[in-house]
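# Per-entry structural report
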Amino acid sequence: MNNEDNHKNVRVRYAPSPTGFLHIGNAQSALFNYLFARHFNGTMVLRIEDTDSKRNVPHGEESQKDNLKWLGIDWDEGPDKPNPKYAPYRQSERTEIYSKYIEKLLKEGVAYKDYTTEDELEEMRNVQKAHGEAPHYDGRWYGRSVEDQEKAAASGLAPSVRLHLPPHYTYSWNDIAKGHVSFDSDNMGGDFIIQKSNGIPTYNFAVVVDDHLMDITHVLRGDDHIANTPKQIAIYEALGWTHPNFCHISLIYNPKTRKKLSKRDKDTLQFISEYKRQGYLSDAIFNFIAFLGWSPVGEDEIFSRDELIKRYDPNRMSKSPAYFNQDKLDWMNAEYIRKDTIDDLVDKITELINEGETEIAKKLQKLSLTNLREFIYQVTKIYQNESYKLTDIMKHVDFYANVCDQHMDLGKLDKLSKGDTLSVLNTLSDKIKKLKDSPDDEVDFKKMIDMVSAETGISGRKLYFPLNISFTGNQSAPQINEIMNLYSYSTILKLLNNSINYLQDSSVQYS
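What counts, and where the lines are drawn
Residues numbered from 1 in each chain as written. Predicted model: local features only at pLDDT ≥ 70, side-chain atom pairs only at ≥ 80, totals over all residues. Heavy atoms only, no water. Pairing = 2+ DSSP bridges. Helix = DSSP H or I, 4+ residues; strand = E, 2+ residues; numbered from the N terminus. Axes fitted to C-alpha atoms, helices over the stretch in contact; angles between N-to-C directions. Contact = heavy atoms within 4.5 Å. Parallel < 35°, antiparallel > 145°, perpendicular 65-115°, else oblique. Left-handed = near helix turned anticlockwise from the far one by under 90°. Nonpolar A, V, L, I, M, F, W, Y, C, P; charged D, E, K, R; others polar. Buried < 20%, exposed > 50% of the residue type's maximum accessible area, 1.4 Å probe, protein only. Polar contact = N/O pair within 3.5 Å; in protein donor to acceptor, adjacent residues only side chain to side chain. Salt bridge = Lys/Arg side-chain N within 4 Å of Asp/Glu carboxyl O. Core = buried A, V, L, I, M, F, W, Y, C linked by side-chain atoms within 4.5 Å.

## What to know about the sheet that holds strand β7 (residues 192–195)
In space, the three strands of this open sheet follow the order β3-β4-β7, with antiparallel pairing throughout. Each edge of the sheet is formed by a strand with only one pairing partner; in this case those strands are β3 (111–114) and β7. Here the average twist between neighbouring strands, direction ignored, is 45°. Here strand β4 (residues 160–163) runs beside β7; their pairing, made up of three bridges, is antiparallel. For Val161, the partnering residue across the bridge sits in β7 and is Gln195. In the packing of helix α7 (residues 228–239) onto the sheet, contacts are made with β4 and β7, and the angle to β7 comes to roughly 60°.

Written out as structure tokens, the structure is:
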């Protein structure tokens, strides 16, 4: 039994089922396999476990691939990158391979055909429950005569195939994350099925055959697979093979419920595609997931993909649950937005708009601006350092593109002296009217606001508060001169006039 953590000729695999889209838990497994392979200059294999055809969803495999690529996880071998030595990489194309090894175990008497019906199995479970026993298969077809089997087959029963477990036997391994783990064969539910009655191998059998024939050296997967591992080791031993090294990754937990993250947790996005459409950056998601079940030496938390590959140490995989911290994710995403170039952010925002998979994206698709990209660029420039998601910026784009239709709470203007406020607004309005008559594309609104301050003798909050309310509806705003650059002169005049008219006649309501 090879439990030595050998990092030569590393081969790992991520083996999703196309029964759904890339869930954050699946992405966690894929990411640690990727880090392991890249850190040790090994091979990353993508294998598709698609034998459960009833549960496979249309385009499930393509979705898995597309979302892995978006995350920045690539692979060296797979259905699209076949190595003739190991292909095919879809389990549905490997059924003859599995059948050969099923027959081998049947001939050796290690496995046997089981003709127990569903009704009999249900009765077995009920009796065991009534006696306070844990459900288990009682081995009733182990060692049965050829005559009994032929009689059952003649009656039309299709058998499953079970692997016989020796009694009082210990299956153990040294887990990279969990340490030494052992299971007693008496507590594994009895002889278990390795081939269903329809001839399809079970997950545990197919994965062992695939991992062995594909020379997989390390299996990194979620902690929820830990009960499968002793069964798989039993299959390895029955076939006379050495099992790979195992690492069971901490599951992701909801910090509020203290339970494993599930699809019922509506306050947490479940699928990687949702993170993309909500404006999270792939590098931020990669960085965040890397800390779910692992931690580097030191206090730093922001790492590039290359830095994570370099720093990855399997000995620092966690034994404890990994709690999903939404605030940390949002902070991390904001850090990546701040570090990115404005052009790159605009490209990503434009892609989200074109895909139109959120309400804000659909709204922005309807904008009729002559130069939408330039408008997005200017808004991004203003809000890059205070946005947690790209959708935050997109909402600002929508607001400013439709500013004349927005509700402005002009009642806030009453907090300051009406005379001072009118002086600021009227003076600025007069200057804008002159620009409108003699357009100047190079106007410096900051200089213009300074001139308003000099002419009126009003500065500080008394100067900027009414401008913030008039142009954004908020008491505080980023550089108001940059926001003014987003507007046409006529829009600026309209917004100023709304505020002036409100102050001159507070009985009139403006929106």
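## Details of the pairing of strand β2 (residues 43–46)
Relative to β2, strand β1 (residues 11–14) is paired through four bridges, and the arrangement is parallel. Each bridged residue has a counterpart across the sheet, and for Val12 the counterpart in β2 is Met44.

## Points about the packing of helix α17 (residues 445–456) against helix α18 (residues 461–472)
α18 packs onto α17 with a crossing angle of 130° between their chain directions and a minimal axis gap of 11 Å. When the axis of α17 is compared with that of α18, the two are oblique. The crossing of α17 and α18 is right-handed. Across the interface between the two elements, Ile449, Asp450, Val452 and Ser453 of α17 pack against Leu463, Tyr464 and Leu467 of α18. The residue makeup of the contact of α17 with α18, split by class, is five nonpolar, one polar and one charged.

## Details of the side chain of Glu61
Tracing the chain through its elements places Glu61 in helix α2 (residues 60–71). On the accessibility criterion, Glu61 (13% relative accessible area) is buried. At 2.9 Å, the side chain of Glu61 and the side chain of Lys65 are in polar contact. The contact partners of Glu61, leaving out residues within four places of it in the chain, are Pro18, Ile48, Pro79 and Arg90.

## Observations concerning helix α6 (residues 203–213)
With respect to burial, α6 is a largely interior element, eight of its eleven residues being buried. Among the residues making up α6, those that are buried are Asn204, Phe205, Ala206, Val207, Val208, Val209, Asp210 and Asp211. Buried residues along α6 sit against β1, α3 (95–107), β7, β8 (218–222) and α7. Of the residues trailing α6, Asp215 is marked for its positive phi of about 60°.

## Observations concerning the pattern of salt bridges
Under the definition given, this model contains 31 salt bridges. Across the pair Arg277 and Glu357 runs a salt bridge, and its minimum N-O distance is 3.0 Å. Taken together, the positions of Arg277 in helix α8 (residues 272–277) and Glu357 in the loop between α12 (342–355) and α13 (359–365) put the pair 80 residues apart, joining distant regions of the chain. Each of Arg13, Arg47, Glu49, Arg94, Asp210 and Asp211 takes part in a single network of salt bridges with overlapping partners.

## Digging into the nonpolar core
Leu35, Ile432 and Phe471 are the most contacted members of the largest nonpolar core, which has 108 residues in total. For this core, the leading source of residues is helix α1 (residues 24–39), giving nine residues. In this structure, Leu35 is in contact with Phe286, Ala290, Leu308, Ile309 and Tyr312, ignoring residues within four places of it in sequence. Within the second largest apolar cluster, 33 residues are counted, among which are Leu163, Tyr171, Trp173 and Met214.

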